[in-house]
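# Structure at a glance
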Amino acid sequence: MTSDTVPAAGDPRRLLADVRGLARKVRLTQRVTWLPLLTLALVTFGAIPANMLGEPVTRDCYSVEGGEICKIWEPAADLYWLVALVVAYVVIARVYLRVARERGVDARVLPYVLTGVGFSVLMFALIGVGAGVWFVRDAADLLNPSTSIEVLFRLLTPVGGIGLALLVLAWLERNVALLLFTLGYLAVILVPIDFGWGVHWGGHLQGVTSLVIVGGVLLLGSGGFALAQRLRRTP
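Think of each chain on its own: its residues are numbered from 1, step by step along the sequence as written. The predicted origin of the model limits local features to residues at a pLDDT of at least 70 and limits the giving and counting of side-chain atom pairs to 80 or more, whereas totals for whole chains, interfaces and linings rest on all residues. To get the side-chain values, all heavy atoms of the structure are used, and hydrogens and water are removed first.

## Quick notes on the overall build of the protein
The secondary structure content of the protein amounts to eight helices and three strands. Along its sequence from the N terminus, the protein presents helices and strands in the succession α-α-β-β-α-α-β-α-α-α-α. In the protein, buried positions account for 34% of the 235 residues. For the protein, restricting intrachain contacts to residue pairs at least 6 apart in sequence, the fraction spanning at least 24 positions comes to 75%. In this description, accessible areas are obtained by the Shrake-Rupley approach with a 1.4 Å probe, and a residue is regarded as covered only by the protein chains that are shown. As displayed, the protein has an accessible area near 14,000 Å², and 67% of this comes from carbon and sulfur atoms. We count a stretch as a helix when DSSP gives it H or I for four or more residues in a row; a strand needs E for two or more, and each element gets its number in order from the N terminus. In this scheme, a residue with accessible area under 20% of its type's maximum is buried, one over 50% is exposed, and one in between is partly exposed, where area comes from a 1.4 Å probe on protein chains only. Throughout, a contact is declared for two residues whenever any of their heavy atoms are within 4.5 Å.

## Some words on the packing of helix α6 (residues 158–173) against helix α7 (residues 176–190)
In helix packing, the relevant descriptors are the interaxial angle and the interaxial distance, both defined with respect to the helix axes. The interhelical angle for the contact between α6 and α7, taken along N-to-C directions, is 165°, at an axis separation of 9 Å. Considering the angle they form, α6 stands roughly antiparallel to α7. Note on packing geometry: the crossing formed by α6 with α7 is left-handed. Taken together, the residues of α7 that come into contact with α6 (itself represented by Val159, Gly160, Ile162, Gly163, Leu166, Leu167, Leu169, Ala170 and Glu173) are Leu178, Leu179, Thr182, Leu183, Tyr185, Leu186 and Ile189. Of the residues in the contact of α6 with α7, the class split is 12 nonpolar, three polar and one charged. Throughout, an axis means a line fitted to C-alpha atoms (over the contacting stretch in the case of helices), and angles, computed between N-to-C directions, take values from 0 to 180 degrees. Between 65 and 115 degrees an angle is taken as roughly perpendicular, under 35 as roughly parallel, over 145 as roughly antiparallel, and anywhere else as oblique. Here is the rule for handedness: rotate from the far helix to the near one, and if that takes an anticlockwise turn smaller than a right angle the crossing is left-handed, while a clockwise turn gives right-handed. Here the nonpolar group is Ala, Val, Leu, Ile, Met, Phe, Trp, Tyr, Cys and Pro; Asp, Glu, Lys and Arg are the charged ones; every other residue, Gly included, is treated as polar.

## With respect to the UniProt feature "transmembrane region" (unreviewed entry) in the protein
Under the present numbering, the feature "transmembrane region" (unreviewed entry) in UniProt falls on residues 32–50, 79–97, 109–136, 151–171, 178–199 and 205–228. Measuring from the first to the last C-alpha atom of residues 151–171 gives 23 Å, for a span that is 90% helix and 0% strand. UniProt positions are given in the numbering used here, feature names are shortened, and annotations may be inferred rather than shown by experiment.

## Here's the deal with the environment of Gly116
Summarising the element assignment, Gly116 is placed in helix α4 (residues 110–128). Taking the relative accessible area as the measure of exposure, Gly116 reaches 1% and is therefore buried. Among residues more than four places away in sequence, those in contact with Gly116 are Tyr89 and Ala165.

Structure representation (structure tokens):
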């Protein structure tokens, strides 16, 4: 006869641990993290020809001391981003739901999809009413905006919206790895981190370099999460 104690079947601490363990397994089963990263990487790479081939529209110019300020609208690129992102988020939602049904679990992907689509539509609407990006030519007092304004402008872009939506997905999945990846992704956009590539090219080519870097980050992230998921399933 021993003095060891055996937890009772109704031990609340044991039940709580079991529930937490089950919830973690469900979250891991739900995850298809590589999918949105891959889809959005392809969307980002697809923006390169739209950015290069489209012609910007200049309007509402006015003179300031030392130069001129104009509103610039890029119809081809802006329309591409709107359509491509909405389609991408619909595809992501459908695949997430299909995978969830196959695995017999629920998928909390709707807030992520609504965030991505809502941000895309909002940005297009702001551009349409003239509240979009301002382009400054030879205006010394406006060519050097404060750091906070620069960060805000970089965030209020399609690639910035991708990062905000990924933060929502990381929260929904309680995915620390995705959160860390997204913070790194946002750092690449907001700092920005471009390794000096194409800084002095100007025109469409300067925008292309940032799209290549951002798309590459998303693609590498997709590959990393896909590999981690495969290793996790390997017995």
